[in-house]
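Now for the letters of each chain:
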Amino acid sequence: MDETAAFRQRDRRPEALGSLSVLPDETICVLLEYLAPRDIAHLACVSSVMYILCNEEPLWMSLCLRRAKGPLDYKGSWKNTTLHLEGVTQDNDRKPLHFDGFNSLYLYKRFYRCNASLDGFSFDDGNVERRRDISLDEFTKEYDAKKPVLLSGLADSWPASKTWTIDQLSEKYGEVPFRISQRSPNKISMKFKDYISYMKTQRDEDPLYVFDDRFGEAAPELLKDYSVPYLFQEDWFEILDKENRPPYRWLIVGPERSGASWHVDPALTSAWNTLLCGRKRWALYPPGKVPLGVTVHVNEDDGDVSIDTPSSLQWWLDYYPLLADEDKPIECTLLAGETIYVPSGWWHCILNLEPTVAVTQNFVNKENFGFVCLDMAPGYQHKGVCRAGLLAVDDENSEEMEEEETHGEDDSTLSYSDLTRKEKRVRMNGEEETENHEEDANGVSKRYNMWKNGFSYDIDFLSKFLDKERDHYNFPWSMGNSVGQREMRGWLSKLWVLKPELRNLIWKGACIALNAEKWLRCLEEVCTFHNLPSVTEDEKLPVGTGSNPVYLFSDYAVKLFVEGGLEQSMYGLGTELEFYDILGRANSSLKSHIPEVIASGILYFENGSYKVVPWDGKRIPDILTSSSLNFDASMLNSEFPFGIWNKTLLQQRNKGKPPAPDSFGSLSSHVWPYIITQRCKGKIFAQLRDDLTWSDAQNLATFLGQQLRNLHQLPYPPVTRPELLNANEGHEELKIPPEWKVFVDDLCHKKKDVTNRLENWGNPIPKALMNKIDEYIPDEFFVDLLHVFKDTDAGDETKPCTWIHSDVMDDNIHMEPYADDDSVDGQHSSWRPGHILDFSDLSIGDPIFDLIPIHLDVFRGDTDLFKKLLESYGLPLIRSKSAAADSMRKKVLSPSYRTMCYCILHEDNVLGAMFSIWDELRTAESWEQVELTAWSFLNSY
């Protein structure tokens, strides 16, 4: 027998993996990450190769980070840490098994990256420009929003330059928990001393690193150790309230091999990054030049951007060597005491060459403001172009550009693969597709020719890729945007007031983000028709944070209904006009606290010109009846065809269906309902919250209680739609009012997808609570709630439902100044509530629904103010038909329990507000605990 063959090791893989042996090791490792830790432990016993794969530390790191939340206690290895989280005691005396006959290039490369030493990764000189003692004027002209620059001397006077070392920070802040960054959606923190212990013992390819945007709150003393350099003092996000301002500053601490993989900073902001100790290797590409190995995903519905990228270490090891010299990034090694400036839109990747401590801040100024507005404009293509250049252009348009810009280059100039209905991906050789990247790198230079020849990071050029059919007010808002939709509108309004000298720039940004020019033209047409004065320069922008364009000028307020498309807008205004008609005929003091309606109508664009027709809500406008739309007989015969019950029927028909296109079709793009009301003098409560005295706040609570009482006593139209009356079939013998049946059915439907809805909000609701929703709100809840009004006769005085405003929040309460007894020289020193605004979201249901936004948004959980409201409200919180029903269904008649159920089932992010008010709820283990914290005081009313 051949002596060599005698010692040849057999290949374990085929026999040990069986049918799975056809899969690459990388694929098997990815699949294992979807299993639970206990399943991984069982699978490790199947075969020798499975034992090897199931004991890989990167696998256990992934398993751990997917499960960990809050404080993390590292136990020396990721397997031990995961088992500790699972409550499993590890047998430390058991020695690991070793097997021969198995070789894996994938595992070897990963092992190499985990143990790589980075001593040789630095440069003496990079190709990023270096400057010292540069003036603000020089910086603005040469670099701001143009190109990166490495700056020396900016941190020389900082205390942090001497005190922000690993050892000193650990000694002073060892017990302080800081947020940790990693590829996991969960928010994880570690005490600094525990993190340093992890940092010194880990051998991870992509180690955890401190990346904390709340470090100023966790350790306020740190903010005294540095100051924003004079070159970056201007930040237009500063004018936002603290709770609305997006994250903008971070403490960064990381070991060797950690870092940030390829990315573009959020909202296309610019940034500065100062290193206090250690060394960082930086690589940068200009806007639109996607790095090799990176995939950009842009969702076609809401424009949400996500990026698939290898870790920074893997990129430098596997991709960087493949690049031709002309395709290599701009590079430098950042040393302690130096600051690098990263302009808007630039790709960058950072690798820590040794343990480092740094601080960074993002900012908006006049140089990058237009790009920030562009990134928050509706649509998706412009977002792709900002990041991936002309590779992001749709096929048909890109082919035209290719002919124009590349002058006949071959078809490999661009890659237009992977287009789907929901998402477009711009791929520069995603790392998961092949182990050999050399073949993929061959076409990179040709692709970059397109970037060089045709692309320009210029706001006018990029604006050409905006989707003109999409509008800020009626298309989905990306959850990845730095600020919310309402906050962005409020931000632009504040800038308009505070920076009058820059209004040309702000107007251009508002036209990009809000389509402000279009809505101003609509306003001018409405003003001309009704002989209203023209708006002044100060009044050109929509005001407030509402969901529709609202203009305040002279003595008038004009609201254009556009949110959600024409169908939703017609029902919003139609229901509001029906409500005003009822209020006008009622003997209610509420009418004195609602702005007077001056006119309402429909504005539309037809045959090249705008036209206006009055509309009081009592018929279907001709612009709709003359179209191809079909309206049923019941709707045509309704006094208010777009009133409350037709609106409710539409909502019922759409239950459980995915969001459908506006059934009013193309009319939505050129037909807009509007309403004109008397302008209220003063300010909305949101602007005055921090300025009110306690006496003013108590007066507000009393006022709200009185007006809610007036609203909830106002009669509402009877249910006449046959479809809603038929919904009561099977309950006729119980004599349940149809409006109560409709309300309870709606709640029951919301229960069906409550888990998905809460998870989509992304707020820190403990997993234990998510798992107990069915236990807290069983199916019997809806039966008991329905039977509360069993045996109700038409003549009964106790009505089950009332009008519900739905949106009594800080931006819909108007305050007016007045002079009290302490005023000087007749000058007002106090504010009193005058009006409640915006009745376009009216519904019919349990009046408790109106109390929820007041307690959480207006009073911010202040029970003293809410009790003051209840004193003046004076109506029962729980309405029921009989005492017998009360005794039989005691739980559903508990005010705190019913309110808590409504919060969970609410279509808005009510629980997010609750968990932000009461921090202790983040560790709650039962819904009863949440209920008692937020609503228990209702039971003593």
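A quick note: this is a predicted structure, and the numbers were derived from the prediction, not measured. (Residues numbered from 1 in each chain as written. Predicted model: local features only at pLDDT ≥ 70, side-chain atom pairs only at ≥ 80, totals over all residues. Heavy atoms only, no water.)

Q: Explain the overall build of the protein chain here, please?
A: Summing up its helical and strand segments, the protein chain has 41 helices and 27 strands in all. Taking contacts inside the protein chain between residues at least 6 apart in sequence as the whole, the part at least 24 apart equals 76%. With the model as given, the accessible surface of the protein chain reaches about 42,300 Å², and the carbon-plus-sulfur share is 48%. (Helix = DSSP H or I, 4+ residues; strand = E, 2+ residues; numbered from the N terminus. Contact = heavy atoms within 4.5 Å. Areas by Shrake-Rupley, 256 points an atom, 1.4 Å probe, with all protein chains shown as cover.)

Q: Would you mind showing me how to read a nonpolar patch on the surface here?
A: The grouping of Leu105, Tyr108, Phe111 and Tyr112 at the surface amounts to a nonpolar patch, some 490 Å² of accessible area in total. Relative to the assigned elements, Tyr108 resides in helix α8 (residues 105–115). Residue classification places Tyr108 among the exposed residues on the basis of a relative accessible area of 52%. (Patch = residues over 30% accessible without salt bridge, like charges linked within 9 Å, V, L, I, M, F, W, Y side chains within 5 Å. Salt bridge = Lys/Arg side-chain N within 4 Å of Asp/Glu carboxyl O. Buried < 20%, exposed > 50% of the residue type's maximum accessible area, 1.4 Å probe, protein only.)

Q: Explain the packing of aromatic side chains to me, please; I cannot follow it from the model alone.
A: Summed over all chains, the structure comprises 54 aromatic pairs. The interplanar angle of 15° and the centroid separation of 6.0 Å between the aromatic rings of Phe232 and Tyr341 together place this pair among those described as stacked. Taken together, the residues span a long stretch of sequence, with Phe232 in the loop between α13 (215–218) and β7 (249–254) and Tyr341 in strand β14 (residues 338–342) at a distance of 109 residues. Across the pair, exposure class does not vary: Phe232 and Tyr341 are buried alike. Ring pairing ties together the aromatic residues Phe139, Tyr143, Trp158, Trp164, Phe215, Tyr226, Phe232, Trp272, Tyr341 and Phe363, which thus form one cluster. Across the ring face of Tyr248, the terminal group of Arg245 is positioned such that the distance to the ring centre comes to 3.4 Å. Above the face of the Trp507 ring, Lys540 is positioned so that its terminal group lies 4.2 Å from the ring centre. (Phe/Tyr/Trp six-rings, centres within 6.5 Å; stacked < 30°, edge-to-face > 60°. Lys NZ or Arg CZ within 6 Å of the ring centre and 35° of its normal.)

Q: Can you walk me through the pattern of salt bridges in this structure?
A: Pairing of side chains with opposite charge becomes possible as their charged atoms draw close. If you walk through the whole model with that rule in mind, you get 52 salt bridges. Salt-bridge contacts for Glu138 lead to Arg131; the nearest nitrogen and oxygen are separated by 3.1 Å. Overall, the relative accessible area of 21% leaves Arg131 in the partly exposed class. A salt bridge links Glu354 to Arg279; the nearest nitrogen and oxygen atoms lie 2.7 Å apart. With Glu354 in the loop between β15 (347–352) and β16 (356–363) and Arg279 in strand β10 (residues 279–285), the pair connects residues that are 75 residues apart, well separated along the chain. A residue is classified by how much of its surface remains accessible, and Arg279, at 18% relative accessible area, is buried. Through salt bridges with shared partners, a single network forms among Asp632, Arg653, Arg721 and Glu723.

Q: Looking at this structure, how should I read the packing of helix α35 (residues 779–787) against helix α39 (residues 895–905)?
A: A pair of packed helices can be characterised by two numbers: the angle between their axes and the separation between those axes. Two elements in contact, α35 and α39, have axes separated by 13 Å at closest approach and are oriented at 120°. It follows from the interaxial angle that α35 and α39 lie oblique. Both α35 and α39 take part in a crossing whose hand is left-handed. In contact with Phe781, Phe782 and Leu785 of α35, α39 contributes Tyr897, Arg898, Cys901, Tyr902 and Leu905. (Axes fitted to C-alpha atoms, helices over the stretch in contact; angles between N-to-C directions. Parallel < 35°, antiparallel > 145°, perpendicular 65-115°, else oblique. Left-handed = near helix turned anticlockwise from the far one by under 90°.)

Q: Even after reading the chapter, I still don't get the confidence of the model for the protein chain, so can you show me in this structure?
A: Reading fine detail from the predicted coordinates is not recommended where pLDDT is low. Averaged over the protein chain, the pLDDT score is 87; the fraction of residues at 70 or greater is 87%. Scored below 50 in pLDDT, residues 399–422 makes 46 contacts in the model with residues more than four places away or belonging to other chains. Counted against residues more than four places away or in other chains, residues 427–434, with its pLDDT under 50, gives 33 contacts. (pLDDT = per-residue confidence, 0-100.)

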